[in-house]
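Coordinate analysis (summary)
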Number of protein chains: 4
Amino acid sequence: MGFSRKDYEFLSEIGLGSSNLGCFVNGSWKGSGPTISTVNPANNQKIAEVIEGSIQDYEEGMQACSEAAKIWMQVPAPKRGDIVRQIGDALRSKLLQLGRLVSLEMGKILPEGIGEVQEIIDMCDFSVGLSRQLNGSVIPSERPNHMMLEMWNPLGIVGVITAFNFPCAVLGWNACIALVCGNCVVWKGAPTTPLITIAMTKLVAGVLEKNNLPSAIFTSFCGGAEIGEAIAKDRRIHLVSFTGSSKVGLKVQQTVNERFGKCLLELSGNNAIIVMDDADIPLAVRSVLFAAVGTAGQRCTTCRRLLVHENIYQAVVDQLLDVYKQVKIGDPLEKGTLLGPLHTPTSKKNFEKGIEIIKSQGGKILTGGGIIESEGNFVQPTIVEISPNADVVKEELFAPVLYVMKFKTLKEAIEINNSVPQGLSSSIFTRKPEYIFKWIGPQGSDTGIVNVNIPTNGAEIGGAFGGEKATGGGREAGSDSWKQYMRRSTCTINYGNELPLAQGINFG
Amino acid sequence: MGFSRKDYEFLSEIGLGSSNLGCFVNGSWKGSGPTISTVNPANNQKIAEVIEGSIQDYEEGMQACSEAAKIWMQVPAPKRGDIVRQIGDALRSKLLQLGRLVSLEMGKILPEGIGEVQEIIDMCDFSVGLSRQLNGSVIPSERPNHMMLEMWNPLGIVGVITAFNFPCAVLGWNACIALVCGNCVVWKGAPTTPLITIAMTKLVAGVLEKNNLPSAIFTSFCGGAEIGEAIAKDRRIHLVSFTGSSKVGLKVQQTVNERFGKCLLELSGNNAIIVMDDADIPLAVRSVLFAAVGTAGQRCTTCRRLLVHENIYQAVVDQLLDVYKQVKIGDPLEKGTLLGPLHTPTSKKNFEKGIEIIKSQGGKILTGGGIIESEGNFVQPTIVEISPNADVVKEELFAPVLYVMKFKTLKEAIEINNSVPQGLSSSIFTRKPEYIFKWIGPQGSDTGIVNVNIPTNGAEIGGAFGGEKATGGGREAGSDSWKQYMRRSTCTINYGNELPLAQGINFG
Amino acid sequence: MGFSRKDYEFLSEIGLGSSNLGCFVNGSWKGSGPTISTVNPANNQKIAEVIEGSIQDYEEGMQACSEAAKIWMQVPAPKRGDIVRQIGDALRSKLLQLGRLVSLEMGKILPEGIGEVQEIIDMCDFSVGLSRQLNGSVIPSERPNHMMLEMWNPLGIVGVITAFNFPCAVLGWNACIALVCGNCVVWKGAPTTPLITIAMTKLVAGVLEKNNLPSAIFTSFCGGAEIGEAIAKDRRIHLVSFTGSSKVGLKVQQTVNERFGKCLLELSGNNAIIVMDDADIPLAVRSVLFAAVGTAGQRCTTCRRLLVHENIYQAVVDQLLDVYKQVKIGDPLEKGTLLGPLHTPTSKKNFEKGIEIIKSQGGKILTGGGIIESEGNFVQPTIVEISPNADVVKEELFAPVLYVMKFKTLKEAIEINNSVPQGLSSSIFTRKPEYIFKWIGPQGSDTGIVNVNIPTNGAEIGGAFGGEKATGGGREAGSDSWKQYMRRSTCTINYGNELPLAQGINFG
Amino acid sequence: MGFSRKDYEFLSEIGLGSSNLGCFVNGSWKGSGPTISTVNPANNQKIAEVIEGSIQDYEEGMQACSEAAKIWMQVPAPKRGDIVRQIGDALRSKLLQLGRLVSLEMGKILPEGIGEVQEIIDMCDFSVGLSRQLNGSVIPSERPNHMMLEMWNPLGIVGVITAFNFPCAVLGWNACIALVCGNCVVWKGAPTTPLITIAMTKLVAGVLEKNNLPSAIFTSFCGGAEIGEAIAKDRRIHLVSFTGSSKVGLKVQQTVNERFGKCLLELSGNNAIIVMDDADIPLAVRSVLFAAVGTAGQRCTTCRRLLVHENIYQAVVDQLLDVYKQVKIGDPLEKGTLLGPLHTPTSKKNFEKGIEIIKSQGGKILTGGGIIESEGNFVQPTIVEISPNADVVKEELFAPVLYVMKFKTLKEAIEINNSVPQGLSSSIFTRKPEYIFKWIGPQGSDTGIVNVNIPTNGAEIGGAFGGEKATGGGREAGSDSWKQYMRRSTCTINYGNELPLAQGINFG
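Attention in this report is confined to the structure presented alongside it. (Residues numbered from 1 in each chain as written. Chains lettered and ligands numbered in written order. Predicted model: local features only at pLDDT ≥ 70, side-chain atom pairs only at ≥ 80, totals over all residues. Heavy atoms only, no water.)

A few points about the pattern of salt bridges
Any two side chains of opposite charge can pair, given that their charged atoms come close. Keep this limit in mind: In what follows, salt bridge is the name for a side-chain nitrogen of Lys or Arg lying within 4 Å of a carboxyl oxygen of Asp or Glu. Per-residue accessibility, obtained with a 1.4 Å probe over protein chains only, is compared with the maximum for each type, and a residue is labelled buried under 20%, exposed over 50%, and partly exposed between these values.
By the definition in use, this model includes 108 salt bridges over all chains. One salt bridge in this structure joins A:Lys108 and A:Glu116, with 2.7 Å as the shortest N-O distance. Residue A:Glu116 is classed as buried on the basis of its relative accessible area of 1%. A single salt-bridge network, built from bridges that share partners, covers A:Asp82, A:Arg85, A:Asp89, A:Arg92, A:Asp125, D:Asp82, D:Arg85, D:Asp89, D:Arg92 and D:Asp125.

What about the relation of the copies chain D and chain C?
For the record, the criterion: When the copies are superposed, the least-squares fit draws on C-alpha atoms of residues that have pLDDT of at least 70 in both.
Note on the copies: chain D fits chain C at an RMSD of 0.0 Å, the axial shift is 0.0 Å, and the rotation between them is 180°. Such values leave the two copies arranged in the relation of a two-fold axis. Among all residues of chain D, the one whose C-alpha sits closest to the rotation axis is D:Gln254, at a distance of 3.3 Å.

Details of the interface of chain D and chain C
Quick reminder of the rule: Residue contacts follow a heavy-atom distance rule, with two residues in contact if any of their heavy atoms lie within 4.5 Å. Here the buried area means the combined drop in accessible surface, using a 1.4 Å probe, for two parts upon being joined, counting both sides.
Between chain D and chain C, the residue contacts involve 89 residues of the former and 89 residues of the latter. Surface buried jointly by chain D and chain C totals about 7400 Å² across both partners, of which 55% is contributed by carbon and sulfur atoms. Of all residues in chain D, the largest losses of buried area upon contact with chain C belong to D:Phe260, D:Glu460 and D:Phe507, amounting jointly to 12% of the total for that side. Joining chain D to chain C, the criterion identifies 8 salt bridges.

Thoughts on the relation of the copies chain B and chain D
Two chain copies here: they are related by a rotation about an axis and a translation along the same axis. Rotating chain B by 180° about the axis while translating it 0.0 Å along that axis superimposes it on chain D, leaving an RMSD of 0.0 Å. Mapped onto chain D, 100% of the interface residues of chain B are again interface residues, and the two copies thus contact each other with one and the same surface.

Focus: the interface of chain B and chain D
Put simply, the test is: Identification of polar contacts relies on pairs of N or O atoms within 3.5 Å, with a donor-acceptor requirement for protein atoms, meaning one able to donate a hydrogen and the other able to accept it, and with residues adjacent in sequence counted only if both atoms are side-chain atoms.
The partner chain D presents 27 residues to the 27 residues of chain B that form the contact. Of the roughly 1900 Å² buried between chain B and chain D, counting both surfaces, carbon and sulfur atoms make up 64%. Together, B:Val138, B:Pro140 and B:Glu142 form the three largest contributors to the area buried by chain B at its contact with chain D, with a combined 30%. Counting across the chain B and chain D interface gives 4 residue pairs in polar contact (both at pLDDT 80 or more).

Section: the sheet that holds strand S12 (residues 262-266) of chain C
Hydrogen bonds between backbone atoms are what pair the strands of a sheet, whose relative direction is either parallel or antiparallel. Residues and elements named next belong to chain C. Here is the rule we go by: Paired strands, as defined in this entry, are two strands with at least two bridges between them according to DSSP. Each helix is a run of H or I in the DSSP string that is no shorter than four residues. Each strand is a run of E no shorter than two, and both are numbered from the N terminus. Angles here are taken between N-to-C directions and fall from 0 to 180 degrees, while the axes themselves are lines fitted to C-alpha atoms, restricted in helices to the stretch in contact.
Taken together, the 7 strands give an open sheet; going across it, the order is S3-S2-S10-S9-S8-S11-S12, and neighbouring strands pair in mixed fashion. At either margin of the open sheet sits one strand with a lone partner, and together these are strand S3 (28-30) and S12. Direction aside, the axes of adjacent strands within the sheet are offset by 20° on average. Bridging between strand S2 (residues 23-25) and S3 involves 3 bridges; their strand directions are antiparallel. Opposite Val25, over in S3, you have Ser28 as the bridge partner. Running over the sheet, helix H5 (residues 169-180) touches strand S8 (157-161), strand S9 (184-188), strand S10 (218-221), strand S11 (239-243) and S12 and is turned about 165° from S9. Along the sheet face, helix H7 (residues 225-233) touches S8, S9, S10 and S11 and points at about 150° away from the line of S9.

Concerning the packing of helix H8 (residues 246-258) of chain C against helix H8 (residues 246-258) of chain D
Selection criterion: Oblique is the label for any angle not covered by the other classes, which are roughly parallel (under 35 degrees), roughly antiparallel (over 145) and roughly perpendicular (65 to 115).
With their axes 11 Å apart at the nearest point, H8(C) and H8(D) run at an angle of 170° to one another. Taken together, the axes of H8(C) and H8(D) are roughly antiparallel relative to one another. Across the interface between the two elements, C:Leu250, C:Gln253, C:Gln254, C:Asn257 and C:Glu258 of H8(C) pack against D:Leu250, D:Gln253, D:Gln254, D:Asn257 and D:Glu258 of H8(D).

Right under this line is the structure:
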C-alpha cells in the first residue's frame, strides 16, 4: 500500500493509500466501477489509484441514504449543528495535509490549497451558529383566532456535484448548510480529484460514526457522467447543487426540472475588472494579477476581461506586463510559485486552441500566449488586446488569459461588463462615491458579485456566492442561501370555532 | 358601441365597450391580431368583442417597455410605492364593477369575484409599505477596511402570464410586487377573459398617465399561445411569472431557462384535506364544501382529495352528501348561488371525460357525476369514493369533483397526502397539538401551503403563496416573495489601501 | 363661533372654532381644565381659545381607553392596518389645511408645515404594509418534539407626549405604529399647539367612528405638566413615548421606570456638520442653511455646530455669510419666507440670554445675534465663531444659532463631533470613500443619524429615527422601531410526551 | 498553596490555588482590596481565599480596557468570532472541572453545574456564527442618488454584573455576544462565587494571550457593591448588564440613566405554572418538581406559583406531595442528589422568615417548611396552599417554596399569572390548541418567557431570554439580543450632486 513517491506519504495521514475504494455507501467503502489513476498536473504522473462507483454502488448508497434521511431530519437542528462543528474540528486537525492534497491533485499553489480547506472550516463554524437560526416566521393573520406560520423543513436529500477547480470548498459550502438544514448529502466529486473526495468523506464519516449516527447521512461517489446523470434523474434527491459549465448545467437543470426537483447552479463566469481613471493603479494591478493568474485562471471568478479607462490604459497595461514578467511558474507545492499547471493535458490543449481563435478574431498577444514544454500542463500567463465585441470574449476560456480593452465612460464600461452571457463577478477600481454607488445600483453591474477595489475572486463566506444569467442564479454559503436547502410551508392554523374567510368573502 | 344586453352596461363604467382593442402598447390601445368574442360561461352568449394582439403589436410594446424600464428602475422605490397606492385607490373606486365583470366573464359567484378584486387592493396596500422595506444587508467583512453589502436591484421587465381562474388577482400578486421592486410589467391575460385584462389595464394606465410616467411601464396583451411563447423566449424579459398547468409550465420553464432567464411558476395543485377522528366535523364539512365546490372546483387550491379517518368516515361522508344536496347551482351573479358554471364548454367536456375515467378506475360516484343540461357550462358537484392509488387521483381534474378515501393513522394520511406529483396545498382538521405540529413539521405535509382547521383554499396575502414539486416552486404575494422580482448582488467595498485576502490567503 | 380674522376661517374646514374643547375622552369632546388662548407666533395675537383637560378628564379618558384596549388588541393586525390606511386618506384630504394650521400655530414656514403633515401620511402608508409584517419567529429547538416561537403581542396602551416643534409628525410616527401594533394611543400635545392636537384628533376620531370602533382607542388631551405627569405615573400605560428636552426626559424616564413601564425617548440634539477639504462647498453651504435656519433652528436635528477643515474654512464661512444675508425673514405663511418667528416670546428671551452667554464665553458673532423688533418672536439668523470646548457649545440653544469651528484632520473632527452629551444627528461633506466609511464605522460619529452629503435634518421615515446618549436612545418611524410598541415572548411548546431538558441536563 | 481538602485539588487544573488574586487588570492578576474566604454552602467551610479588587484596581483596569477597546472594535467581526470559538474550545476542555466548581461554590447539583458551563459553550458556538451575521440594512431611499444604510457598530465597553445563582452562564450570555459585537467586557462576579469568576477569566485570558490580543479586552473583578457602583457610574462603560433583584436593578438603572448610559436588566421573577384540566398530569408534576426544587429554588425562572384547575387540583397536589417526599437532599456533588443547600446562611434565614410571613398571611404548609439542621444551608422543599392575593405571593422568596392555588377558567388563571409585579417566565400544561394559542397571544401571559408543557425554567440559548415589568425588560442570548450590545446609526449617503429633501419639501 506504499506510495510511489516519498513525498506522497503524508496522504496516509488522511486515510489514503496507493489504491483506494471510491464510494462511501452506507458506512462502507466500496467500488465496483472502473479503476482510474489520479495524476499530479505538475508532471502528469500517477499519485494513486481509485476504483470508481458503478450504478449498482449508487443505488445501494441511495437506498441507505433515503433511510438515513428519515432519522437525520428528526435530529433537532442545534444537534445537527454540533455535528457540523465536529466536522470543522476534524478538518482543522488535518488542514495542512488536506491543503497539500488539494495542491497536489488539483494543481493550485499551496496557499490556495490551504485557503480552500480553511474556507470549509469557516463554513462549518458559520453553520453551527446557523443551526439555531433557521428561523421561520409568525405572520399576523387577518382572521381572528388564526395564526400564520412560515415553516422551514428539511428537503430530505441534497445531491452535490462539484468541479475540479474547487474540489472541496464547494462541497463545504453545500454540505455544511445542507446538513444543518436536516438533509442528507450525496456527493459526486470531480473525476480527476478523487483523492480529495475520499479524504474529505473519511473525515466526515469519522464524525458521524463517533456520534452513532447513520453513516449514510453522508454518501459519496467517485465517478463520472453516469453517476452525475443518475443524481440528476433521481426523484429521491430533492435538490441538486451543480457546479460546472453553463452548457452542462443547463442539461442538468432540464433533467431535474422534468422530475420537478430543485436545482442550485454555479456555472460559468466571465468576469471583468474596470479600472477608472481615478483608481489606485498599483492596487488595481495587484488585484488583476491575483484575479487573472491565481489558480491558473481556473476559478469561476477569475478575471477574464480588464476594462481600462483610456486615460490610464497604457500605464495600467505597462505595469501589468511588468508584474506578469515576475510571475514564478512551477510546482504549486514549491514556495514562491504563483502559477501552477493547468489541471489536465486537455486544458492545455484548449488553451492552445483558444489562443488560435483569439488571434483569428483580431486579438493581439501582449505577453504569453504559449504553452511551456514540460511533463506538466504549464502554460504562459497571457494578456491579449482585443475588441469587447469579439465572439471569443463572450466565452469562458478556463486558463490564465486576460483580455484587455479600453473605454471612455463608466456607462460604456458597464455596458461592456454586462454584454456577456455570464453574470458571476465583476469589480471596479475607483475612489469616487458616485461611481461606486452607480456601479452597485440599478443600472450598474448585473453580476451576482459586484466588488469595489478588490479583485473579482476571493469571496468571503458571509455573503451569498453565485451569479445571474448563464451563471445559473444559485446562491451558496452565507446570507439566506440556506433557504434553498429547505422547503417552505405557509401554515395557517385556525384555533377558534369559526370559519372566517380571507378577503372578507362570504361563502354559503 | 352599445352592449347587446342592458345588464352589461355597467361595463362602460370601467372603460369597456361592445368592441375593444386588446393591446396596451406604449400608452395606446391597439390590436392587429384576430378578433374574438368573449362569452358568459353561464349561457355561452357573447358579451363583447376583442381584437387580440399580433406579434407586431408585441414587438412594438416590448420596445417601448424596454425604454420605460430604464426610467422606472431609477424612480426611488418609495415613489414607486406611491404609484401602487394610487392603483389600489383606483381599483377600490371600481371594486363592484370589476368584481361583477370577473363573475360575468370567468363564471365564479359574485362574492368570489369581488373577493378577487379585493385581493389586489390588499396587495397594493401591502406593497406600498414594502416599497420602503426592500432591504439589503450590511454584512460584517472578515477584512479590515472592507464593507460587505447585499444589494437588491430591479430586474428590468417582468412578464406575467395568467390563467382564466384568477383572471386578475394573480396579476395583482405579481404586478404590485414587480412594480414596487422597480420592474416594468408585461401582462398576457387568459384568452377567455380579455375584458378583465383590458379593464384592469385601463385603471393602471390611468394612474401612470396622471403621474406623467411612461405608460409602457405597464404593457398588456390579449392573446394566446403565440404571445405566450414570445414572452417565454424574449431575452428582454428577465422574469416570467407563469400560472397554469404543470405541463405547460414545464415547457415555459425550459424555454426561459435556455435563454438563462428566471421563472416563477404557479402550476397544478392536487390538494387534500385530512379529517382526524378528533376533528370538529361540522367545521370540517363546511370547509370541504368551500374548498371543493367554490369556484366550481377551478381553483389551483381546490380540495380534490378528502382523507377521512375510518372511525368517522361514514359520519363525514353523510354530512357532506347532505350539504352537497343544498348547493344552489346557477347564475353566478345571482344572490345565493354557490356553484356557477365551468369556464368553457371544453371544461364541461373534460368533466364528462373525467367521470368516465374515474368510473373505469373503480371510482364510485356518491353524488353528482353528471352535467346539467343548459346553455351554460354547468355540472353537478360530485363526490367519488376511490382508492388513493388510482391513476386518476394523481391528476388535476379542474372541476368540482372530490375524491373521498379512508385512512387509519396520521402517518398513513400524510403518506397519501404526499403521494401525488403536485405540492400546492393541504389541510388537516384536528384538535391535538401533537398532530398539528407533526403535520407542519419535517415529516408532515410536503405542500407549500399547510393548513390546520381551515380549507386548502382562501390564502391571505401576507404569507407566501405557492407550492412544491409539480406545482413549480414559485412563491407569490407576501413574506420575502419580492426577492424573486429583484436581482441580488453581494458587494464588497475596499475603502482602505491594502489588499488583504479572504481565508487568510497570501498571494504573491 | 366666528374667527377674529378672515384668514383663520380655513380652520373651520378641519373642525376648529374660535373656542374649542381640548379633550377627546371616550368619543366625546370635553374640557374641565383652564381655558387658554393659542396665539400666532408671528404676531402673538390670539387665534382661538381652548379648554384644557383636568385630571378628572384624564381619568375618565383612561378608563375608557383601558376598556377599548381589550377590544383593539383582538382586532387582527391587517384590519388595524386598514384603519390606519383610512386615517392616512383622511389626512390626505385635509393636507393643505393642516399644513397651514401647523404653520400658523407653530410658526414654521408653510412648505415645512405641509411637509410635516405629509410625513404622517407617509407613516400611515408605511404602517399599512407593516400590519402584515409584524413578524415573530419560529426558532429551531434543540429538543425533539419542541417548537420555539418568538411572539410579538400588543402592549396595551401607549402614551405619546409631543413637543411644539413637530406638533403632529411625532404623533404620527408613534400613533401609526402603535395602532397597527394593537395599542390604544393616549396623546398629550404641546400646550402651545392645542389646535393641531384637536384637528388631528378629529380626523382620527372620524375614521374610528365610521368603522364602528370604540373612539377611546384614540384618546387625547390638551394640557400641561399635570397631564404629562399623570401619564408618566399611570400603570395602565405600558409605554410612554416622550419628545422634549434631555432634562425633562430623564425625569419622565425615572418616573416610568419606577413603575417598571417602558420609555421611548427623543430628547435634545446638538448636531454637527463636518466639511472636509474635498467637499462640494456649494452643496455643503446650502445644506447648512437648511439645517441651521430651517424651522428657525427649532428642530431637534437642527445643525448647531459647523466643523470646517482649516483649508477651506474661510471660503465656507464667506459663502455662508453671503447666503445668510439673503434669508427672507417674516410671516411663515408668506411665499418665499425662509425664517419664521420663534415659537414663543420666551424662546426669544432665551435667544437673547444665549447670545449673552456665548459672548461671555468668547464667542464672536459673525452675523446676526440680535432680535428683530416686531409683534412676533423674530430673531436674526446667527453665526458664531467659537471654541468647541466652550461650555455653551455643549448645550442645545433652541434657536437659529450656528457655531462655526475649524479642524485639521478627520480624527479631530470626529472627536469634536462626539464630544457633546447629545447624540442625535451629524453629517459629513466629502467625496472620499475612506472618509465616508470611517465616518459611519466603529470609530466614526456616535450619533443615531449619521449622514453624508446631506444636512443633519430631513430624515426619511423608512429608517429608524432617534439618537444615543442624552438624546435618549429611542427609535421611531421605520426599520424595526415597531418592536418597541410590542411585547416579546419567547415561547417553547412541547408537543410530545417526553421532558428532555436544554443543555442536556438530567434532573431526577 | 495546597488545598485544605483533597477533593478540592481539581481546582488547580483550572488555575486556582488556596489563595487567589481576584482582579484581572490589563493582563495581570492583582488585588488590593479585602481578603475574603469562599465557602462551600453544603458545609460552610472555606474552600479558598480571594483578594478582592479595590477602586484603584478598578481604575487601573478600566484605563487599560478603554485602550483595548480602540483596538478590539477594529478587529473584523468574523475574526472576533474566531476568538470566541477558541474560548468555547477552552471551556470544553475544562467542562467537568468548571461544572464541579460551580457545584462546589454555588451549591447547585452537579448536572446543573455542568449544564451551566455547557450553556456558555453553546453560547460561544452560537456567537461564532453570529459574528458573520451582525447585519445592518440597506433601506430604499425616497430620494434619487441617495442610499440609506442602517449600520451597527460596537458600543465600546460592556459592564457585566452577575449574581451567585448563575455565576458563569450569565457572563457567558453577555460576554460571548458583547465580544463578537466588538466590545470589551468588564465583569464583576458575585462576591460569594469568586473562584468561578477567576477560573472563567483565566480561560478567556489564555485565549486572548495566545492570539496576541490585549488582555484588557476582558477585565474582571471580584468584589462587592463598591465595584458595582463604580461600574454603574462609569461613563466609559456604554452598557451595563445587570442580573439581580428588582430593587437593586432599579437603582442601577437610575444611576446609569443619569449618565445617559444603557442598561440591560435581568431582575426578579415570580413564575407560575398553570395546569389545565386536560393536562398530562405526570408530565406537569415532573415539570413542577424540576421548576420548583431545581437549583434549590434559586433560579430567576424557578416556579414559585402553581395554578391548578379545580377539577384536578387534589390529584395534582397529591402526586406532587408524593414526589416531594422522594427528593434526595444533600451534597450537590453526590450522585442522585436533587436538592442541594441554599447558597448562604442568610438565604437560610430568609427562608425561615419567609415561612413565618407565609403562615401569618394564611398560608398552609402542605409539606416542608423547615430548615434542616446541619453544617450547611439546607432547607426542606416546601409546598404552601395560599390565596393568590396574599402579599407574600407577589414577592420573590429565593428558596424552594411553591405556592399552590386553584382556579376555574383559563381567563382567571391568566389574570392570576399576570397579577404579580414580575414578568419573567410562565408555563401552561394543556393539550388544547385554543388554550395554547390564547396563552401565547395578546390576552395571554404577560411574561417574557411563555411556555407550554415544559417548566418555567431551562431556556434554550437560541431564543431571547428575559422578562417584562419588574423583571426589567432586557433580553439576553439568542434572537436579536445582540442589537443591545451595539449602537445603531441610520445613515443616508447622497452620492449625487443635488439636494432633494424628504417629504418633498422645497426649502429656499
